[in-house]
Amino acid sequence: MLFKKHTEKPVVDERLRHIAFIMDGNGRWAKKRSMPREAGHASGAKNFKKVIRYCGDLGVKIITVYAFSTENWKRPKHEVDAIMGLLSDYIADAVAMVDENNIQLHFLGDMGIFPPEMQAKIKNAEEVSKDKELILNIALNYGARAEIAHACETLIASGKTEVAEEDVTSALYTAHCPDPDLIVRTGGDLRLSNFLLWQAAYAEFYFTDTLWPDLGEREIDKIVADFYSRKRRYGGL
Ligand code: IPE
Ligand code: IPE
Ligand code: MG
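Thresholds applied
- Residues numbered from 1 in each chain as written.
- Chains lettered and ligands numbered in written order.
- Predicted model: local features only at pLDDT ≥ 70, side-chain atom pairs only at ≥ 80, totals over all residues.
- Heavy atoms only, no water.
- Phe/Tyr/Trp six-rings, centres within 6.5 Å; stacked < 30°, edge-to-face > 60°.
- Helix = DSSP H or I, 4+ residues; strand = E, 2+ residues; numbered from the N terminus.
- Buried < 20%, exposed > 50% of the residue type's maximum accessible area, 1.4 Å probe, protein only.
- Salt bridge = Lys/Arg side-chain N within 4 Å of Asp/Glu carboxyl O.
- Disulfide = S-S within 2.5 Å.

1. Some remarks on the packing of aromatic side chains
Stage number 1. Counting across every chain of the model gives 10 aromatic pairs.
Stage number 2. Residues Tyr-202 and Tyr-234 carry aromatic rings whose centres are separated by 5.2 Å and whose planes lie at 50° to one another, so their mutual orientation is tilted. Taken together, the positions of Tyr-202 in the loop between strand 7 (182-185) and strand 8 (204-207) and Tyr-234 in the segment after helix 7 (217-228) put the pair 32 residues apart, joining distant regions of the chain.
Stage number 3. On the accessibility criterion, Tyr-202 (45% relative accessible area) is partly exposed.
Stage number 4. Ring pairs connect the aromatic residues Tyr-66, Tyr-142 and Phe-195, which therefore count as one cluster.

As structure tokens, then:
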């Protein structure tokens, strides 16, 4: 890792191509302020834009964010409805960033669950951004176990009778990009919550108590510096 002169901003290289964020802690952020949980999601959606821009500025080529899990449907209807409303904003924000930030959008998860107009927006977002450089994966209605089961179904449907690791990798929602180098979880919990189970095999992890709406540039610098202090051995010496 280098530091750019004057700015003290870290500059990342190919060792940190892909960062994934578990954007957790929106509800607690709101609770701390005696606001409804929905306000926390709105604040989290704002920070999503800032974090993506900053990581792109640092030179990160692939960013994945966990926005809504297959298990999040268990929440009260009013919260799910509020998040669904915000998802349209997420998509609109991401589309607005396509040209300015050179972003290629991908949605990870089973989009079949969403209403047709939302699916059309998602498809359009992927289509209009497909020639851009920086990959932004948004995990929506995403669960890693469902993803792996879906990959198995795809392989069976293609007539495969033998399966290599690479076959599974190429049947996942993330087939278009390398595994995450770093997975960051905000909100203080020390778990993956069904995120990227296959792709995380050799990821580095960083857990912070900071709540997602509060994750700022200086802490990202710290997380990047911490990543560069680690030695990745992949089972070797
Ligand atoms: C993460 O924040 C966003 C989603 C899971 C949709 P939470 O809503 O889980 O916030 P906390 O963990 O309850 O604070
Ligand atoms: C993980 O957060 C999912 C997202 C951030 C989208 P949760 O808040 O759903 O995770 P748990 O329930 O604490 O494991
Ligand atoms: Mg949570």
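2. Observations regarding the pattern of salt bridges
Stage number 1. Within the structure shown, the criterion is met by 18 salt bridges.
Stage number 2. The salt bridge involving Asp-93 is made with Lys-49; its shortest N-O contact spans 3.7 Å. In this pair, Asp-93 sits in helix 3 (residues 77-101) while Lys-49 sits in helix 2 (residues 37-58), placing the two residues 44 residues apart along the sequence.
Stage number 3. A salt bridge links Arg-230 to Asp-226; the shortest N-O distance between them is 2.7 Å.
Stage number 4. The exposure class assigned to Arg-230 is partly exposed, which follows from its relative accessible area of 26%.
Stage number 5. With a relative accessible area of 28%, Asp-226 lands in the partly exposed category.
Stage number 6. When salt bridges that share partners are traced, they join Asp-24, Arg-28, Arg-185, Asp-189 and Arg-191 into one network.

3. Considerations on the state of the cysteines
Stage number 1. Per the stated rule, a full pass over the model turns up zero disulfides.
Stage number 2. The thiol sulfur of Cys-152 is not disulfide-bonded, and the nearest other cysteine sulfur, from Cys-177, lies at 19 Å.

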